Structures are given as C-alpha cells and as structure tokens.
Amino acid sequence: MRLLVLGGTRFVGWAVAADAVGRGWEVTTFNRGISGPDVAGVQALRGDRARPDDISRLVEAGPWDAVADTSGYVPREVLAVCERLEPATGRYVFLSTVSVYCGWPVEPLSEESEVLYCRRV
C-alpha cells in the first residue's frame, strides 16, 4: 500500500503516518517541515498546499493508492489539492476535527451535533 499523508507531523496526521509505517506500508508525507518531526520511515516531501508549484511537484512524486489529508483548513484549498491529486491517487480521504461543530468548545458534542456551514468556494 502506498499512502500519502498531507501533514503527518502532529496530532492525527502523525498517528496515521506512524500506524501505516508500522503496517509496512510505503508512506510519503507532504508538509512545510515546521510543525514537528517526521515519523521514522516515511519519505518526507516539503511544500505548501497553497502553492501550485509545490502541488505540481507532489503530483509528479506519485502515484499513491490513497491520500489522507489531515492538514486542510480552508475548503477551497482542500478541494484544489484534491482535484490536483486526482490523477495520482485511487482515493482521497479528508479528516476533519471537532472544530467543525457549532457548539465547540462550550457544549457537549455528539455525532448528531450541528456542524458549521462553510461555503464550498
């Protein structure tokens, strides 16, 4: 399995990368290289998701069986990267956080809690 992790140096991205390496998968991470150390055993590529030239270099480094996007914050940027990586991957998975819920952090949350509205573009 070839996996690309967008992010991969903190929080859930680090955990995804570490677990995949532990399973013997070939893991590539793509990040700016400023938020934390890379998981041992990954191929670390440096770049910024908001820079088209960096994404072009990333596409050339593929293909991957799947992409796990753990570092997207702006919907239009997530969509742009997803569209650019489409020819280089079989699956694109975006992982979000508790921050998508309207009541966070002042009220208890569940999977049924209301989510924030965010325009696509």
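This text follows the structure it describes.
As the structure is a computational prediction, the values presented were derived from the model and not from experiment. Per chain, the residues get numbers from 1 upward, laid out in the order the sequence is written. Only residues with pLDDT of 70 or above have their local features reported here, since the model is predicted, and side-chain atom pairs are shown and tallied only from 80 upward, although totals for entire chains, interfaces and linings are computed over all residues. With hydrogens and water stripped out, all remaining heavy atoms of the structure feed into the side-chain values.

Regarding the packing of helix α2 (residues 52–61) against helix α3 (residues 75–85)
Inference 1: Axis angles are defined between N-to-C directions and span 0 to 180 degrees, where every axis is a line fitted to C-alpha atoms and, for a helix, only to the segment in contact. Helix numbering and strand numbering both begin at the N terminus, where a helix is a DSSP run of H or I of at least 4 residues and a strand a DSSP run of E of at least 2. Their axes nearest at 10 Å, the elements α2 and α3 cross at an angle of 35°. Seen from above, α2 lies across α3 with right-handed handedness. Between α2 and α3, the residues in contact are P52, I55, S56, L58 and V59 and V81, R84 and L85, respectively.
Inference 2: In this count, Pro and Cys sit with the nonpolar residues alongside Ala, Val, Leu, Ile, Met, Phe, Trp and Tyr, while Asp, Glu, Lys and Arg are called charged and the others, Gly among them, polar. In the contact of α2 with α3, the residues fall into 6 nonpolar, 1 polar and 1 charged. Crossing handedness follows the turn of the near helix against the far one: under a right angle anticlockwise gives a left-handed crossing, and clockwise gives a right-handed one. Whether two residues are in contact is decided by their heavy atoms: any pair within 4.5 Å suffices.

A word on α2
Inference 1: Every buried residue of α2 is accounted for by D54, I55 and L58. The arc that holds every buried residue of α2, seen down its axis, measures 95°, which confines them to one face. Counted as exposed and oriented over 90 degrees from the buried face of α2: P52, D53 and E60.
Inference 2: Packing partners of the buried residues in α2 comprise β1 (2–6), β2 (26–31), β3 (43–46) and α3. Each residue is placed in one exposure class: buried if its accessible area under a 1.4 Å probe, protein chains only, is under 20% of its type's maximum, exposed if it is over 50%, and partly exposed if it falls in between. In this description, the arc belongs to the directions extending from the helix axis to the C-beta atoms.

Considerations on α3
Inference 1: If you check which residues of α3 are buried, you get V78, V81 and L85. Down the axis, α3 shows its buried residues gathered within 70° of arc, on one side only.
Inference 2: Buried positions along α3 lie against β1, α2, β4 (66–69) and β5 (92–94).

Considerations on the nonpolar core
Inference 1: In these notes, a set of buried Ala, Val, Leu, Ile, Met, Phe, Trp, Tyr and Cys residues joined through side-chain atoms within 4.5 Å is what counts as a nonpolar core. The biggest cluster of nonpolar side chains holds 13 residues, and the ones touching the most others in it are L4, L6, F30, L58, L85 and Y92.
Inference 2: At the level of secondary structure, the elements contributing two or more residues to this core comprise β1, α2 and α3.
Inference 3: For this core, the element with the most residues is α3, which contributes 3 residues.
Inference 4: Core analysis: the next-biggest nonpolar cluster, separate from the first, contains 9 residues, V5, A20, V27 and V39 among them.

Things to note about unusual backbone geometry
Inference 1: Residue P63 is bonded to the preceding G62 through a cis peptide linkage, with omega at 10°.
Inference 2: On the secondary structure map, P63 appears in the loop between α2 and β4.
Inference 3: Here the amide bond leading from W104 into P105 is cis, since omega sits at 5°, within 30 degrees of zero.
Inference 4: Inspection of the secondary structure puts P105 in the segment after β5.
Inference 5: Of note in the backbone geometry, F11 takes a positive phi value of approximately 50° without being a glycine.
Inference 6: Following the sequence through the fold, F11 ends up in helix α1 (residues 11–22).
Inference 7: Since its relative accessible area comes to 69%, F11 is described here as exposed.

Nothing here speaks to function; it is geometry throughout.
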